[in-house]
Structures are given as C-alpha cells and as structure tokens.
Amino acid sequence: SGMEKRKHMRFGVFLRKYGKVMIGGTIIALVIFCAVFAPLITSFPPDKLDVSNAKLLPGGAHLLGTDTYGRDLFSVVVYGSRTTLIVAVGAQLMIVVCGTILGLLCGYYSKAEKILMRFLDAFSTIPNLLLCLLMISVFGAGTFNMIVAMSIHGIPGVARMVRNQVLSLREKEYIESEKAMGASDLRTVFVHILPACSSYLLVTFSNGLAGAILSMTALSYLGVGLDPTVASWGGAVQDGQRIMFAFPHVVLYPSLAICFTVFGFSMLGDGLRDILDPKLR
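Let me sum up the structure you'll find in this document. (Residues numbered from 1 in each chain as written. Predicted model: local features only at pLDDT ≥ 70, side-chain atom pairs only at ≥ 80, totals over all residues. Heavy atoms only, no water.)

Considering the packing of helix α5 (residues 128–139) against helix α6 (residues 143–151)
So, point 1. Viewed as axis vectors pointing N to C, α5 and α6 meet at an angle of 145°, and their least axial separation amounts to 8 Å. The interaxial crossing formed by α5 with α6 has right-handed handedness. Contacts between α5 and α6 pair Asn128, Cys132, Met135, Ile136 and Phe139 from the former with Asn145, Met146, Val148, Ala149 and Met150 from the latter. (Axes fitted to C-alpha atoms, helices over the stretch in contact; angles between N-to-C directions. Helix = DSSP H or I, 4+ residues; strand = E, 2+ residues; numbered from the N terminus. Left-handed = near helix turned anticlockwise from the far one by under 90°. Contact = heavy atoms within 4.5 Å.)

Here it is in structure tokens:
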C-alpha cells in the first residue's frame, strides 16, 4: 500500500543518511566497551607470561589460544583496545586542540602567521612515520611520547584550515560591527569563529582516528613507541609473525581487531562528514 511504501522510503532515506554513523558507532561502542571493562571481560592478565602454555590453539580455557610467550590472546586483544583508544584519541585531540589554537593565532595576528606557518610547513613536509620514529628515538618510548610524536604531523593541516576560516570571517559585517562595539578578540573568537569551525573540527577528529590507529599499529609492529610489556595489537602481530604459518591464530585475531576498529572509525568519520558538511562529499 501507499502508506507502507512511504514508510519504506523514509526508512531508506534514514539509512542512507545515518547508516554509516550507526554501523561505525556500533563498532566503536563495542571497542570502547572492551577498553573500559577489560578486567571484567577476561580473567587472564595480558602481560602474564606462561611458557609452558605457549602456542595453544583456540579453545578450552584460552578462548583465542595463546601466543609465543604463553600470553592469553583474548586478553591481549581486549586490553589492546585500551592502548589503541588512549593513543589514537589522545593524538587526535592534541591535533585538533593545538591546530585550532595555532590557526586562531595565525589568522588573527599576521606577525605570528609569518613565523608559525613557515615552521608548521617545514614539519608537514616530513613523512609521518619517519617523524614519529625520529621523535620516539629522541624522547624515548612511552604512551605520552607516542601521542605527541603522532600528533605533530597533523597539526599544520588543522591550523591552516582554522586560519583560513578566521581570515574569511574577519571580513564579515557582523564581526566588523562586533569589533566596532568594543568586543574583545577572545569574544569574537569563541562566540563567532570557533562555532563556524566546529563541524570541520569534529569531522577531522573522527576521520583522523582510523589513520592514527594505523600509524600506531605500524609503530608498535616496528617495535617502537610502546613498552613491549604493554598489550598492543601491532606488537602482537610482530610477536606472532615468526610462527604465523604454523600457528596462524597468533596473527589473525590481533589483525582482525585492527581491521574491525579502523573500519568502524572510517565509517563513523564518513557518516559524520556526510551529515555535518554535505559540501565535502
């Protein structure tokens, strides 16, 4: 009937608009749930070495089997979600916050722009992975150092966008009249300019998370950035690659966790971009 057809069309439109966000959001909610409730989900500590039980196949007490050192793989995957989220979200937050502050400075003060933008341009020419390796080799391993190293490459792009937004908005009549009425720079920035950038910043944040996870797994696969005792998916793949043909499960499950999470963040980022900024399609 016509009523059912209309309902079906509405549902189709709803799915087209919000489907990606729903799929991505569900996957990320699952990853966040694992990260928050890791001690309740698994009873084995992720760093407990038990060489007598190494290389066990999935099943029995160890749901996903054990790795080369006898660590429970299910625990490594579950606790790895915690490490992954902390580093990826931390790096993206730093990119968005620092990029926004620098962009506002450059857009507002031309002297600051001359110095800062040249400095930022120089940094953005260095390949991301190379810059991360350089930073970590200079400042040492650790979660915080890894977050800082991973964020440096993304800051110039955000700064440039915010600066362009500031420059285009500064000329607008309502900003001119606000200034004429004695509004401070701070008020102009926080009341008019930042809200105009908010959808772009949210999309940048969510879209960049997938890339941040891949960078992080690449670094932990190369064995830099994190302490080897910290459970991480890239580290688990690196540990298991020597025996992957005899025991494929040691590489399969951490790799699936990486793919699953990256897919979730990509879907969420794309969906948010489609909703918040249709011009970017």
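A short note on the nonpolar core
So, point 1. Core analysis: the biggest nonpolar cluster contains 38 residues, and Val87, Met146, Met150, Met216, Leu219 and Phe265 have the highest contact counts within it.
So, point 2. Elements supplying a minimum of two residues to this core: α1 (2–36), α3 (73–108), α5, α6, α9 (185–221), α10 (233–240) and α11 (249–276).
So, point 3. At 8 residues, α11 tops the list of elements feeding residues into this core.
So, point 4. Residues contacting Met216, with those up to four places away along its chain left out, are Thr83, Thr84, Val87, Met146, Met150 and Leu226.
So, point 5. With 20 residues, the next largest nonpolar core counts Leu120, Ala159, Met161 and Cys197 among its residues. (Core = buried A, V, L, I, M, F, W, Y, C linked by side-chain atoms within 4.5 Å. Buried < 20%, exposed > 50% of the residue type's maximum accessible area, 1.4 Å probe, protein only.)

Some words on the pattern of salt bridges
So, point 1. Inspection of the entire model under this criterion finds 7 salt bridges.
So, point 2. Where Arg71 meets Asp67, a salt bridge forms, and the shortest distance between an N and an O atom there is 2.9 Å.
So, point 3. Overall, Arg71 belongs to the buried group, its relative accessible area being 9%.
So, point 4. Notably, a salt bridge pairs Asp239 with Arg71, separated by 2.7 Å at the nearest N-O pair. Here Asp239, found in helix α10, pairs with Arg71, found in the loop between α2 (38–41) and α3; they are 168 residues apart in sequence, far enough to count as distant. For the residue pair Asp239 and Arg71, the accessibility class agrees, reading buried in each case. (Salt bridge = Lys/Arg side-chain N within 4 Å of Asp/Glu carboxyl O.)

Things to note about the environment of Pro195
So, point 1. Examined against the element boundaries, Pro195 turns out to sit in helix α9.
So, point 2. According to the relative accessible area criterion, Pro195 is partly exposed, its value standing at 43%.
So, point 3. The residues touching Pro195, leaving out its near neighbours within four places in the chain, are Val189 and Phe190.

Observations concerning the packing of aromatic side chains
Aromatic rings considered in pairs are described by the distance between their centres and by the relative angle of their planes.
So, point 1. Tallied over the full model, the rule gives 1 aromatic pair.
So, point 2. Aromatic side chains Phe33 and Phe37 sit 4.9 Å apart centroid to centroid with 50° between the ring planes, which places their arrangement in the tilted category.
So, point 3. Look at Phe33 and you get partly exposed, because its relative accessible area is 45%. (Phe/Tyr/Trp six-rings, centres within 6.5 Å; stacked < 30°, edge-to-face > 60°.)

Quick notes on the side chain of Thr261
So, point 1. Relative to the assigned elements, Thr261 resides in helix α11.
So, point 2. Residue class for Thr261 comes out buried when judged on its relative accessible area of 1%.
So, point 3. Each residue touching Thr261, except ones within four places of it in the same chain, is listed here: Ile28, Val31, Ile213 and Trp233.

Description of the environment of Leu57
So, point 1. Along the polypeptide, Leu57 turns up in the loop between α2 and α3.
So, point 2. Excluding anything up to four places from it in sequence, Leu57 contacts His62, Gly65, Phe247 and His249.

Examining α10
So, point 1. Taking burial as the measure, the 8 residues of α10 include 7 buried ones, the bulk of the element.
So, point 2. Along α10, the residues classified as buried are Trp233, Gly234, Gly235, Ala236, Val237, Asp239 and Gly240.
So, point 3. Summarising the contacts, the buried residues of α10 are in contact with α3, α9 and α11.
So, point 4. The N-cap of α10, judged by a side-chain oxygen 3.2 Å from the amide nitrogen of Gly235 a few residues on, is Ser232. (Polar contact = N/O pair within 3.5 Å; in protein donor to acceptor, adjacent residues only side chain to side chain.)

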